[in-house]
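The primary structure of each chain is shown beneath.
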Amino acid sequence: MTILSTLWYFLVFLLIAGYFVLDGFDLGAGTLYPFVAKNEREQAIVRRALGPVWDGNEVWLLTAGGALFAAFPDAYATTFSGFYLAIMLVLFALIVRAVSFEFWAADSKWRPVWNVCFFLGSLLPALLFGVAAGNVVAGIPMDMAGNYAGVPLLGLITPFTLLTGVLGLSMFIAAGACWLSLKAPLNSELRTRVQAIRMPAQVVSIVLFVLLTICVLTGFGSVNTPPEHLAALQWILAALFLVGVIASLVIGRKDASSTKGDLWAFLTQSSAALFLVFLGAASLFPVLVNASADSVGAAITIMSAGSSELSLFCMTVILCIGLPLVLVYHVIIYRTFRGRVSEADIG
Amino acid sequence: MDQVLLARMQFAFTAGYHFIFVPITIGIGLIMAIFVTKAYRSKLPEDDALARMWVKIFTGTFAIGVATGITMEFSFGTNWAAYSRFVGDIFGAPLAAEALFAFFLESIFLGMLLFGRNKIKPSLYVASAWLVFAGSALSALWIIIANSWMQTPAGAVLSADGSSAVITDFFAAAFNPSTLPRYAHTVFSLLVMGSFVTIAVAAWYMHKGTYADAAQKMLRIGSIVGVISVALLLVAAHSSAVEVWEEQPTKMAMMEGQYETGTVELAAIGFVDEATQETFALGIPGGTGFLAEGNFDAEYPGLNDLVASEKYADINVDEMPVNFVFQVYHIMVAMFGVICLVLILALIFGRKKLVAEGKGLAKSRFLQWLLVISPLFPFLAIQTGWLTAEVGRQPYVVYPSTTGPDGVFMLTSDGVSASVQSFEVLISLVLFFAVYLLLFVGWARVIRRFVKEGPVEPAKAETRVDAEEVE
């Protein structure tokens, strides 16, 4: 385990966290879409709230995937092939979702089709990403070469992974509700509906998180043994997560009528999402994919899966040049489209 | 069915489909940026309407390129896990770089382009159009880097345990012998595609007798971009062919159906009988050798001698798809001829004066229809060219090129995912057919609408199309 490979372990998680935060509100808003947007005008508002940013948000997934491939090819190969049908479902969902934005706007006759695509395309990934993460933590059966050796698709669903899946979904929904509350017109029914979902989703997140923590600590449904030397860090991150969600919840309730309240509720909720991914990294370290108790092959770790030093060095240079640019682009786009969606925007 | 075959079918289908929309996107990306710039400079409402229409057509197509592109990045891990393990040290970096340098650029500035008209300065709006095009051209560079490394590996060695390729020199790997020729070859063919789509839309309006001014502008821009790209394409394609001649002997031999060592004919049309190992072709004897080395007598190794060498000992000549590679390669070349011809016709009969007088393209329905369907020719050339490159490297997924490092190669059949079962690939393949069909229908509807709406100001467009729908 070298400095570079350790660095990249955390960088991959950082990219995943970037995805979870940014596409998080995006997928969450898509999941809420049929429940909060009751007419074409409200649908247009939701879509306009995501329109300028969704594509950039999704690129975080491609970046994280590419980084995992480059830095830890074995982990990329094992998870993507092992979770084959689940990945395919996510893929089809993201595909139909991606085209639904443009096609919905341009093709009024087929709007019902693209509405369904948009909703399912948001819901499935929002649920399945958590299930996948749960499997990585809980451990999967592998052969000597590190290939998944369990039952396709159904073998990935256990009480533990369902718990992580639903925790992920509730986090996505809470983030989506925070975003829409921030973007919807101030005195609109849409915003009222969204706010009514925000708090329950956050409460569910907290409850599931506590349950999951108990599972991990007692070893129920998961083989993951959190590294003891990082114990303090894990408790801090867990506490920060809870503080983030609770702060968002409290702000959202106390300051429900102002834009400032919406903004802080969104930011604190996003920070909680960030801490959740970091907590995952801290409690897995140095493992990338856990091996279940009945696994023949060993867990995939930084040591067993890392690319060569030169490769990681090149990746570091690429990231050092690329990431500042990416951040600048994000500042530009989020600044340009700050503020609530107005009538003029959807007209 | 065999998992290797299914996985190959899935990759071929998804990549081939992706590579329908990407060429259109990148090609019309340039056209769109030109029209947006023109509108900014002239400040004329009709130029602005034209720019708007092309932004819309671009966006509708871009969406499919993005959506089907995710498939490609995932597919290495899902279907080609053993391949991913073997090449991850080298192959992953360009994919990550593509996302960081190219995808963010194009997706974020497309957001500016689509929604920012009333929010950003007009100059920034123009810059966004060019940045989107730059981003898409840059993404092509990174993916061609990755793909070219599979054709002509460089800057790597086989690991001590033989389980993977390890990078030794990033720049040698990125700019391997085939990267730049293939990048130029690809980009110029994509620009030809874009120019033909533009010409086709122009011809459609001439056929309908509407938007005469806009049609003339599109025809002009399309023809200029077309002529320049075709000229550059010829140079790039030549350097690409020379690279194949030097680096990828079995591919070269398959392209011309060369079983025995000798001079290589430059065939125009022909047929390879794989059973008898005979090639029947009409062409110039020794012509390919002349193009590659300036010598009609240049000798080239045939497949039978190549497979007798240690390097290509894994190949079974009888299983080589020689006729297939021969045919797709020659279709590509033939399409290049058709492209040149169509372009000349468009130049001659699309002259402003002629059209203004109601002659030439304004009159001839045959020519109008020829130009309307003309994007099919670059489409066919691009697809068959891609097939030549990818089927031509079989049976390898990482090809042992002439100057490639020792041991850095992999058979396609060794690259698949061990944990994925045939039925899983069959399910995903069927779903791909279904989902991609939905995408195609959705795209066709949207593009039809955009073209029908035409380059008119938005307020007028609404009423016009709504009125038509009521009819």
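Residues numbered from 1 in each chain as written. Chains lettered and ligands numbered in written order. Predicted model: local features only at pLDDT ≥ 70, side-chain atom pairs only at ≥ 80, totals over all residues. Heavy atoms only, no water.

1. Comments concerning the interface of chain A and chain B
Here is step 1: Between chain A and chain B, the residue contacts involve 70 residues of the former and 72 residues of the latter.
Here is step 2: Together chain A and chain B conceal approximately 6,100 Å² of surface at their shared face, both sides included; 76% is due to carbon and sulfur atoms.
Here is step 3: Inspection of the region where chain A meets chain B yields 3 salt bridges.
Here is step 4: Across the pair Arg 85 of chain B and Asp 74 of chain A runs a salt bridge whose closest N-O atoms are separated by 3.6 Å.
Here is step 5: Linking chain A with chain B are 16 residue pairs in polar contact (both at pLDDT 80 or more), by the criterion used here.
Here is step 6: Looking at the side of chain A that touches chain B, the elements that each hand over two or more residues are helix H3 (54-71), helix H4 (73-82), helix H5 (84-106), helix H6 (111-138) and helix H12 (309-336) of chain A. (Contact = heavy atoms within 4.5 Å. Buried area = accessible area lost by both parts, 1.4 Å probe. Salt bridge = Lys/Arg side-chain N within 4 Å of Asp/Glu carboxyl O. Polar contact = N/O pair within 3.5 Å; in protein donor to acceptor, adjacent residues only side chain to side chain. Helix = DSSP H or I, 4+ residues; strand = E, 2+ residues; numbered from the N terminus.)

2. Looking at unusual backbone geometry
Peptide bonds are, in most cases, trans, and in most cases residues other than glycine have a negative phi.
Here is step 1: Looking along the chain, the bond that leaves Phe 285 of chain A and enters Pro 286 of chain A is cis, with omega of 0°.
Here is step 2: Omega for the peptide link from Gln 394 of chain B to Pro 395 of chain B comes to 10°, which places this bond in the cis form.
Here is step 3: Even without being a glycine, Leu 153 of chain A presents a positive backbone phi close to 55°.
Here is step 4: Here Leu 153 of chain A lies in the loop between H6 and helix H7 (159-183).
Here is step 5: Here the phi dihedral of Tyr 211 of chain B falls at roughly 45°; this positive angle occurs in a residue that is not glycine.
Here is step 6: Its place among the elements puts Tyr 211 of chain B in the loop between helix H6 (179-208) and helix H7 (212-247).

3. What about the domain arrangement of chain B?
Residues and elements named next belong to chain B.
Here is step 1: What the domain assignment reports for chain B is domain 1 (1-177 + 403-471) and domain 2 (195-391).
Here is step 2: Centre-to-centre separation of domain 1 and domain 2, based on C-alpha positions: 23 Å.
Here is step 3: Taken together, the contacts link 34 residues of domain 1 with 25 residues of domain 2.
Here is step 4: For the pair domain 1 and domain 2, the summed buried area comes to about 2,400 Å², and 67% of that belongs to carbon and sulfur atoms.
Here is step 5: Taken together, the connections running from domain 1 to domain 2 amount to 1 salt bridge.
Here is step 6: We note a salt bridge from Lys 217 to Asp 47, for which the minimum N-O separation is 2.7 Å.
Here is step 7: Across the domain 1-domain 2 interface, the total number found is 8 residue pairs in polar contact (both at pLDDT 80 or more).
Here is step 8: Ranked by residues supplied to the side of domain 1 that touches domain 2, first place goes to helix H1 (residues 3-42) with 13 residues. (Domains from an automatic or database assignment.)

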